[in-house]
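Below, each chain spelled out in residue letters.
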Amino acid sequence: DGVSGDTLLDFGTGASIYQLLSACEVFNEIIVSDLLEQNRVEFQKWLKKDSDAFDWTHIIKYVCELEGNSSREDCEKKAEKLRTKVKEVLQCDALKRNPYDPVVLPPVDCLLSTLCLDVVSKDMKLYVDVLKNFKDLIKPGGHILVLGTINATFYHAGKKRFSVMPMNKDLLEAAYKEAGYKIQKAVYMPRIDKSKAHIADFQGKYFIHARTPK
């Protein structure tokens with residue numbers, strides 16, 4: 001939907017690349033970031049093609065198929081393009097006024113965050129505060145893309161249980177309005193497969209595309 005530009009900032013990357021596979025086609029540079037050192041190390045293993053890096057081939061192939069380019073050569077080109085586009089791997093902390101302190105980043109064209117903000121925010125006030133802080137990281141009129149879960153309260157990673165702030169359509173759209181964004185598109189998707197509800201109890205997912213004031 002016309003989201004493109006020079007620089008994309010991925011906030012809360014984890015050790016994942018899936019959210020960047022299409023983005024590398026429309027942005028010249030990508031900055032990835034995560035709070036945890038082990039996630040940043042794992043991401044860098046993939047960047048450097050380390051022998052023990054996680055194999056994302058099946059996900060890369062799936063994205064290439066969605067884009068209409070599913071040959072082995074297409075997948076290899078996609079992986080290499082993403083590797084060349086990633087310029088920095090930074091530490092970030094959503095609870096800081098400047099999440100990259102002491103680094104001061106030039107404003108970017110787009111900030112992306114997937115399955116992160118609902119976990120780090122203990123209440124709606126903090127969620128709104130994080131969104132407000134993000135505005136300093138984005139150019140005037142720039143984009144923010146956020147994916148999260150609806151009505152979730154927990155998820156497990158192995159035996160570790162993490163809390164999630166329950167979100168719904170009304171709360172989300174009020175939060176972006178209060179933070180000073182204009183929502184361009186909001187999609188709410190119900191959960192179809194509930195077989196793993198004991199691992200994560202979300203009832204659906206949301207995707208929001210919003211823009212900062214010009």
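As annotated in an unreviewed UniProt entry, the protein chain carries the name Nicotinamide N-methyltransferase and is attributed to Eleutherodactylus coqui. Regarding the protein chain, the UniProt comment filed under Sequence similarities (unreviewed entry) reads as follows: "Belongs to the class I-like SAM-binding methyltransferase superfamily. NNMT/PNMT/TEMT family."

Enquirer: Help me understand the overall build of the protein chain in this model?
Expert: Summing up its helical and strand segments, the protein chain has six helices and nine strands in all. Taking 214 residues into account, the globule formula puts the C-alpha radius of gyration at 17 Å, and the protein chain, at 17 Å, falls close to it. Structurally, the protein chain occupies a C-alpha span of about 45 × 45 × 35 Å along its principal axes. The burial tally for the protein chain puts 43% of its 214 residues in the buried class. Contacts spanning at least 24 positions in sequence make up 68% of the contacts within the protein chain whose residues lie at least 6 apart. Just so you have it, the protein chain exposes about 11600 Å², and 53% of that area is on carbon and sulfur atoms.

Enquirer: Would you explain the nonpolar core in this entry?
Expert: Nonpolar side chains tend toward joint burial in soluble globular proteins. Formed by 33 residues in total, the largest nonpolar core has its most connected members in Tyr 127, Leu 131, Phe 134, Ile 144, Tyr 176 and Tyr 181. Residue contributions to this core peak at six residues, all from helix H5 (residues 124-135). Discounting residues that sit within four places of it in the chain, Tyr 176 has contacts with Tyr 127, Leu 131, Val 146, Tyr 181, Ile 183, Ile 208 and Ala 210.

About the thresholds
- Positions within a chain are numbered from 1, following the residues in the order the chain's sequence is written.
- Restriction of local features to residues with pLDDT of at least 70 applies here, the model being predicted, together with a cutoff of 80 or more for giving and counting side-chain atom pairs; totals for whole chains, interfaces and linings are based on all residues.
- Hydrogens and water molecules were not included; the side-chain quantities draw on all heavy atoms of the structure.
- UniProt positions are given in the numbering used here, feature names are shortened, and annotations may be inferred rather than shown by experiment.
- Helix and strand definitions here come from DSSP, where helices need a minimum of 4 consecutive H or I residues and strands a minimum of 2 consecutive E residues; each element is numbered from the N-terminal end.
- As a reference, a globule follows 2.2 Å times the number of residues to the power 0.38, and the radius of gyration itself is taken over C-alpha atoms.
- We call a residue buried when its accessible area falls under 20% of the maximum for its residue type, exposed when it is over 50%, and partly exposed in between, using a 1.4 Å probe and counting protein chains only.
- It only takes one pair of heavy atoms within 4.5 Å for two residues to be counted as in contact.
- Where accessible areas are quoted, they stem from the Shrake-Rupley method and a 1.4 Å probe; at the residue level, only the protein chains shown are allowed to cover.
- By nonpolar core we mean a set of buried residues, namely Ala, Val, Leu, Ile, Met, Phe, Trp, Tyr and Cys, connected to one another through side-chain atoms within 4.5 Å.

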